Amino acid sequence: MTVGIVGAGQLGRMLALAGYPLGLDFLFLDRSEDTPGGQVAPILCGEFTDRRLLRRLAQRCSVITFDWENVSVEALRGLDSGTRIHPPVGALAASQDRAAEKRLFERLRIPTTRWMKVDSRPQLERAVREIGLPAVLKTRRMGYDGKGQAVIRTHEDVDRAWSELGGVPLICEEWVPFDCEVSIIGARSRSGEVAVYPLNGNVHAQGILRLTRAPFGTPRLQRAAAGYLTRVLEHFRYVGVLTIEFFVRSGKLLANEMAPRVHNSGHWTIEGAVTSQFENHLRAILDLPLGSTAPRGHCAMINLIGTMPARERVLARPGVHLHDYGKEPRPGRKLGHCTVVEVTPRARDRRARELLADLAPEIRIP
Ligand code: AMP
């Protein structure tokens, strides 16, 4: 059985690596052969919008999935009605547009930040008046890892934010002085089985995820996040893995955004959970029973950004798992990650501190 994956980044690569033990084959579609996914499975090379290539992918695969959310919804909708595409294209479309995403959260009564649509300079002035400062201006589409965002702290910043981002559809939202950031990841299978992972506690710098610790937070926070995630899963009759990111303020969750896919904050599940998010995504889209999401210990995952440390240096530390995505180093680029699994949260934090001091000294555990 062959799974078609649109996008051959590190998420696609880790999906394939999780699927091989189950006897699955993979075929990617991406712009270049030398991609993390293309290094471990065959690849069709071309544009994501190339209907002929997408049709070929559909013909050769039992099911089609994607490893990033900026895949063309129109191109996927143009495929034969018999093509199985999971997660649902409706969820993909909502995740591509920050305004649609906010409306979805509001419709499902999932608390989110105060926000307004901004399509012109006068609308930005109005949004700043109504929302107050500080605020964040964000492009509605194609924003990721903090790209397409400008913080407005004072009225003098309005001009700069508008000249940086104006001209494309935007939203303006309140700046949240959060206590911490968390994400929740879960899977729903074709037959409606749902499995949710423990909460992830995330630390970002310049909009990029740097550190995840899991399990994280109180049982009450876990229940609330899992409840919101399940609402979105049921709303779309979702199939596959879904992630929602939240700000936590005074013990309350505020949804920031969702991703209709496996997520960087779930990489710890490879070694740290009974079944990884990657395997559960495959199980869900192939209508296989979902695996246990129980943690095997207390985990920390550190992203390796910009340059890869020498393998020897990382592996000399006992119990550290290294993942190298096979990418060319470039400033700000996610090149790999490493994970530790410990018996107690204290031991986990101690290991994470040591690793951070070595690999990412600018990041602190809160
Ligand atoms: P996003 O691409 O929307 O997930 O933003 C990336 C990161 O920027 C988030 O994980 C936060 O650390 C920060 N951020 C984005 N929006 C806000 C906000 N409204 N208030 C505070 N921090 C934010």
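Residues numbered from 1 in each chain as written. Predicted model: local features only at pLDDT ≥ 70, side-chain atom pairs only at ≥ 80, totals over all residues. Heavy atoms only, no water.

Overview of the state of the cysteines
Test applied: Cysteine sulfur atoms are paired as a disulfide whenever they fall within 2.5 Å. Accessibility here uses a 1.4 Å probe with only protein chains present; expressed as a share of the type maximum, an area under 20% marks a residue as buried, one over 50% as exposed, and anything in between as partly exposed.
Within this structure, the stated rule accounts for zero disulfides. The thiol of Cys45 is unpaired, and the distance to the nearest cysteine sulfur, on Cys61, comes to 15 Å. Among the residues examined, Cys45 registers a relative accessible area of 36% and is labelled partly exposed. Of all cysteine sulfurs, the one in Cys299 lies closest to Cys180, which takes part in no disulfide; the gap is 18 Å.

Overview of the site of the ligand
Stated precisely, the cut-off is as follows: Any residue with a heavy atom positioned within 4 Å of a molecule or strand is treated as near that molecule or strand. Pairing of N or O atoms within 3.5 Å defines a polar contact, subject to two protein rules: one partner must be a possible hydrogen donor and the other a possible acceptor, and residues neighboring in sequence count only if both atoms are side-chain atoms. Reported accessibility uses the Shrake-Rupley method at a 1.4 Å probe radius. Residues are deemed covered only where the shown protein chains occlude them. Only DSSP runs of H or I covering at least 4 residues are called helices, and only runs of E covering at least 2 are called strands; the numbering of each starts at the N terminus. Annotation comment: domain bounds sourced from an automatic or database domain assignment.
Neighbouring the ligand are 15 residues, the closest being Lys138, Glu174, Val176, Glu181 and Glu257. One of the side-chain N or O atoms of His204 is found 3.4 Å from an oxygen atom in the ligand. One of the side-chain nitrogen or oxygen atoms of Glu257 is found 2.7 Å away from an oxygen atom of the ligand. In isolation the ligand has 470 Å² of accessible area, and contact with the protein removes 94% of it. Breaking the shell around the ligand down by element, the ones donating at least two residues are β6 (135–139), β8 (170–174) and β14 (252–259). Looking at which domains feed residues into the shell around the ligand, each of domain 2 (114–174) and domain 3 (180–359) supplies at least three.

A few points about the packing of helix α1 (residues 10–19) against helix α10 (residues 277–285)
Helix packing for two helices is described by the angle between their axes and how far apart those axes are. The criterion, for reference: Between the N-to-C directions of two axes lies an angle of 0 to 180 degrees, each axis being a line fitted to C-alpha atoms and, for a helix, fitted only over the stretch in contact. When describing relative orientation, an angle under 35 degrees is termed roughly parallel and one over 145 degrees roughly antiparallel, while 65 to 115 degrees is termed roughly perpendicular and anything else oblique. Throughout, a contact is declared for two residues whenever any of their heavy atoms are within 4.5 Å. Residue type decides the class: Asp, Glu, Lys and Arg count as charged, Ala, Val, Leu, Ile, Met, Phe, Trp, Tyr, Cys and Pro as nonpolar, and the leftover types, Gly among them, as polar.
The geometry of α1 relative to α10 is characterised by a closest axis approach of 8 Å and an angle of 75° between their N-to-C directions. As the angle between them shows, α1 and α10 are arranged roughly perpendicular. Taken together, the residues of α10 that come into contact with α1 (itself represented by Leu11, Met14, Leu15, Ala18 and Gly19) are Phe278, Glu279, His281 and Leu282. When the residues that make up the contact of α1 with α10 are grouped by side-chain class, the tally is six nonpolar, two polar and one charged.

Let's talk about the domain arrangement of the chain
One can read the domain layout of the chain as domain 1 (2–85), domain 2 (114–174) and domain 3 (180–359). The C-alpha centroid of domain 3 is placed 29 Å from the C-alpha centroid of domain 2.

With respect to the sheet that holds strand β3 (residues 43–45)
Going by this rule: Strand pairing follows a simple DSSP-based rule, namely that at least 2 bridges must link the two strands.
Read from one edge of the open sheet, four strands run β3-β2-β1-β4, paired in parallel fashion. On the outer flanks of this sheet lie β3 and β4 (63–66), each paired with one strand and no other. The sheet shows a mean angle of 25° between the axes of neighbouring strands, taken without regard to direction. Across five bridges, strand β1 (residues 2–6) lies against strand β2 (residues 25–30) in parallel orientation. Counterpart to Val6 in the pairing with β2 is Leu29. Contacts between α1 and the sheet are confined to β1 and β2, with β2 contributing the most and set at about 170° to the helix.

What to know about helix α6 (residues 121–131)
What counts here: Working definition: the arc comes from the directions between the helix axis and the C-beta atoms, pointing outward to the latter.
Within α6 the residues assigned to the buried category are Leu124, Ala127, Val128 and Ile131. Axial view of α6: buried residues confined to an arc of 100°, hence all on one face. Among the exposed residues of α6, those oriented more than 90 degrees off its buried face are Pro122 and Arg129. In this fold, the buried residues of α6 make contact with β5 (115–118), β6, β7 (149–152), α7 (157–165) and β8. Looking one or two places after α6, you find Gly132, whose phi comes out positive at around 90°.

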